[in-house]
Amino acid sequence: MEGRALDGSRAVVRRPDVPLRSLLPLGLFFLLALAFPFLPLGERAEYLMQIAFFTLVAGVLALSWDILARSGQVSLAHAAFYGLGAYGFALLGKVMPWFLAMPAAALLAGLISLVLGAVTMRLSGMYFAIATLAFTEVVRTIIQNLPEGAAGGANGLLVPALLGGNARAQYFLAFGILLLTALVSLAIRRSRLHHAFAAIRQGEETARVLGVSVVKYKLLAFFISSVLAALGGVLYAGKTFFINPLETFSLANSIAPLTTSIFGGLYTTLGPILGATVLRVAEEVLHNAIKNGYLVVYGLVLMLSILWLPRGLMGLLRRGKRGGDV
Amino acid sequence: MTVMAASSQLPAASQRDVVLWAEGLSKRFGGLLAVQNVSFSQYDGEILAVIGPNGAGKTTLLNLLSGVYRPSSGRLHLLGRDVTAEPMEARCHAGLGRAFQIVRPFPEMTVHENVTVGALFGKPGVSLAQARERAYDLLERTGLAAHADKEAHELTLLQDKRLEVARALATGPRVLLLDEVMAGLRPGEAQEAVELVRSVRDSGVSVLFIEHIMPVVRDLADRVVVMDQGQVIAEGTYHEVTANPQVVAAYLGTEEGLHA
């Protein structure tokens, strides 16, 4: 046929999903992040380490959100899973060592996400977003109205400090969780999950006609995403050692991963991590430069960059290249 | 109506196996009975056309067959198995493929990735590497191999239709449903599409298609089912149904006419 005559090669079949070359920037990021605590940070070391820690957490939150978004589910429930991780860790940490409480809290959030995923299965677009937003409010309200002895009520809850409050150890734990999130993201990219998620996102009914088990893959996306988001919540709770419902389940925690991923580059591994880094650093710099109204400038910068960079920072990095979104 | 009475029972005496059997399918939307007690059988290796004037219920019937709609009453059997209650993806796994009239490529995927989705999920237990190979084979078969790396929106309409067929074939169907694949094609392109459908059948896939263009129906169909106002009014070869006074009456006065 026409095709064979023009192109006898089957190169397209053998081409790897994630070319090694495209992993270079990601590897560079993790090398820099690993080296960061060993840099001569001077007398502001404590402050800088704290910013770096929360940058890693923001990366975990954004990248885990992006994994869910890849399946077409644009969620505003990320604060709920982040918060369930934080509260789960605070409460479970009372009855088991931290290294068990951490995965247990994440697993708990993952199981609860399956309930939300099942309920919102048939919703899409704005209706899905609103339902997930409402879910966050429901979870917050429940936690807030539990007896104070159980979850601290509206006042909040003390959390045992992670790793005895050792800032450097905490940083490396956050580094490890972000690395784990990135590895999960890359593993998805190389597996059948990537094809299922992308097909569902780009045409759910067509995907079903082609045999994609939409229910299974949507729930799987929810589970993976919320387990990772909850690990981010554990880091947050263990670092601040005091959590309350209003801040933990705040709308900002649901919006931030969305804007961060869009800013960095949707449906990629590096994009949300890069977005989190640039935005967190920009926020701090602006905050120090203009005490009042820094949020206005921050918002403006975010808006303009989203307008000018439709594919986010990744669009700048990969200008002119095609496919292989890493 | 003798035709319907005959086909509402499995024709056991038939030499060939029945791959698709619709048994009294009806679909009601509020007060409108869009499809009314439709029965027919499709035999293995057969190209079956469903024709009828606009609003006859052809597309609703196709949606009942592929599982977009559940019937209000009636049963559907695929390869001897009752699939009436099964969702779209299960019907796909059971051997039913569908190409849409309005092409629906996944826009952010390459042509090869589009077909890989069908190959990967159409049947359980296919590995990613196998799916890629199979997808490329199908691109070669449908004349799209040279475009494997393009994004779907870069294709011409004819190529898009080929992609639609390649992707449906990638799921490994025994029965392929085609919804007006000739729509929008120029005469020369339509001829190529006719050849493609023939080659699909020759590869062992039974084809059920909806079509408006009568010369295409004449050239392709082994048998024709004619629908009007939600019901089957005739069934037979192209020449039998076009000579049927009831069919002529249904088409008379419509814009298309029977020999448009």
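Bear in mind that the values here come from a model prediction, so they are computed numbers and not experimental data.

In this structure, what is going on with the overall build of chain A? I would like to understand it.
Looking only at helices and strands, one finds 17 helices and 2 strands in chain A. Radius of gyration (C-alpha) of chain A: 20 Å, near the 20 Å computed for a compact globule of 326 residues. With the C-alpha coordinates aligned to their principal axes, the bounding extent of chain A is approximately 75 × 50 × 40 Å. Expressed as a percentage of its 326 residues, the buried residues of chain A come to 51%. Long-range pairs, those at least 24 residues apart, make up 80% of the contacts in chain A between residues at least 6 apart in sequence. On chain A, roughly 14,900 Å² of surface is accessible, and the fraction owed to carbon and sulfur atoms is 69%. Here chain A contributes 26 positive and 14 negative side-chain charges, whose respective centroids are spaced 9 Å apart.

I keep staring at the interface of chain B and chain A and nothing clicks. Help me out?
In many analyses, interface size is given as the accessible surface area lost on bringing the parts together. Facing the 42 residues of chain B at the interface are 36 residues of chain A. The contact between chain B and chain A buries some 3,500 Å² in all, and 54% of this surface belongs to carbon and sulfur atoms. At the boundary of chain B with chain A, the tally comes to 5 salt bridges. Close ionic contact of R132 of chain B with D17 of chain A constitutes a salt bridge, the shortest N to O distance being 2.8 Å. Run the count over chain B and chain A and you get 10 residue pairs in polar contact (both at pLDDT 80 or more). If you list the elements that add at least two residues to the side of chain B that touches chain A, you get α3 (88–94), α4 (111–121), α5 (128–141) and α6 (157–170) of chain B. Element by element, the count of residues in the side of chain B that touches chain A is highest for α5 of chain B, at 7 residues. Taken together, the residues of the side of chain B that touches chain A sort by class into 18 nonpolar, 10 polar and 14 charged.

Can you walk me through the confidence of the model for chain B in this structure?
Regions with low pLDDT carry predicted coordinates that are not meant to be interpreted in detail. Summary statistics for chain B give a mean pLDDT of 90 and a share of 91% for residues scoring 70 or more. Across residues 1–13 of chain B the pLDDT falls below 50, and counting only partners more than four positions away or on other chains, this stretch makes 18 contacts in the model.

I keep staring at α5 of chain B and nothing clicks. Help me out?
Helical periodicity: at 3.6 residues per turn, an α-helix aligns residues three or four positions apart in one direction. All names here are of chain B. In this model, α5 (14 residues) spans 20 Å end to end at C-alpha, consistent with the 20 Å of a helix rising 1.5 Å per residue. All of the buried residues along α5 are L128, A131, R132, A135, Y136, L138, L139 and E140. Once α5 ends, the next one or two residues include G143, with phi positive near 70°.

When you look at the sheet that holds strand β2 (residues 32–43) of chain B in this model, what are you seeing that I'm missing?
Backbone-to-backbone hydrogen bonds pair the strands of a sheet. The strands run either parallel or antiparallel. All names here are of chain B. Read across the sheet, 4 strands follow the order β2-β1-β4-β5 without closing on themselves; strand pairing throughout is antiparallel. Bordering the open sheet on either side are β2 and β5 (81–82), each of which pairs with just one other strand. By the bridge criterion, 2 bridges tie strand β4 (residues 73–78) to β5 in an arrangement that is antiparallel. Looking across to β5, one finds that H77 is bridged to D82.

Looking at this structure, I do not really get the pattern of salt bridges. What am I missing?
Side chains carrying opposite charge are able to pair once their charged atoms draw close together. Residue and element names in this part refer to chain B. If you walk through the whole model with that rule in mind, you get 22 salt bridges over all chains. A salt bridge links E192 to R162; the shortest N-O distance between them is 2.8 Å. Taken together, the positions of E192 in helix α7 (residues 187–202) and R162 in helix α6 put the pair 30 residues apart, joining distant regions of the chain. On the basis of relative accessibility, which here comes to 37%, the residue E192 falls in the partly exposed class. Judged by relative accessible area, which is 11%, R162 ranks as buried. Between R201 and D222 there is a salt bridge whose closest N-O contact spans 2.8 Å. Taken as a pair, R201 in helix α7 and D222 in the loop between α8 (214–220) and β9 (223–228) lie far apart in primary sequence, 21 residues in all. The class of D222 is partly exposed, set by a relative accessible area of 33%.

What should I look at first to understand the confidence of the model for chain A in this one?
Taken over all residues, the pLDDT of chain A has a mean of 91, while the share at 70 or more is 95%. Counted against residues more than four places away or in other chains, residues 1–7 of chain A, with its pLDDT under 50, gives 15 contacts.

Hey, could you run me through the packing of helix α5 (residues 78–92) of chain A against helix α12 (residues 214–240) of chain A in this one?
A pair of packed helices is captured by two measures, namely the crossing angle of their axes and the spacing between those axes. Residues and elements named next belong to chain A. In contact at an axis separation of 6 Å, α5 and α12 are set at 55° when each is read in the N-to-C sense. It follows that α5 is oblique to α12 by the angle criterion. α5 and α12 meet at a crossing whose hand is right-handed. Two secondary-structure elements touch here, α5 through H78, F81, Y82, G85, A86 and F89 and α12 through F222, S225, S226, A229, A230, G232, G233, V234, Y236, A237 and G238.

The rules we used
Residues numbered from 1 in each chain as written. Chains lettered and ligands numbered in written order. Predicted model: local features only at pLDDT ≥ 70, side-chain atom pairs only at ≥ 80, totals over all residues. Heavy atoms only, no water. Helix = DSSP H or I, 4+ residues; strand = E, 2+ residues; numbered from the N terminus. Rg over C-alpha atoms; globule rule 2.2 N^0.38 Å. Buried < 20%, exposed > 50% of the residue type's maximum accessible area, 1.4 Å probe, protein only. Contact = heavy atoms within 4.5 Å. Areas by Shrake-Rupley, 256 points an atom, 1.4 Å probe, with all protein chains shown as cover. Lys, Arg positive; Asp, Glu negative; His and termini not counted. Charge placed at Lys NZ, Arg CZ, Asp CG, Glu CD. Buried area = accessible area lost by both parts, 1.4 Å probe. Salt bridge = Lys/Arg side-chain N within 4 Å of Asp/Glu carboxyl O. Polar contact = N/O pair within 3.5 Å; in protein donor to acceptor, adjacent residues only side chain to side chain. Nonpolar A, V, L, I, M, F, W, Y, C, P; charged D, E, K, R; others polar. pLDDT = per-residue confidence, 0-100. Expected span 1.5 Å × (residues − 1). Pairing = 2+ DSSP bridges. Axes fitted to C-alpha atoms, helices over the stretch in contact; angles between N-to-C directions. Parallel < 35°, antiparallel > 145°, perpendicular 65-115°, else oblique. Left-handed = near helix turned anticlockwise from the far one by under 90°.

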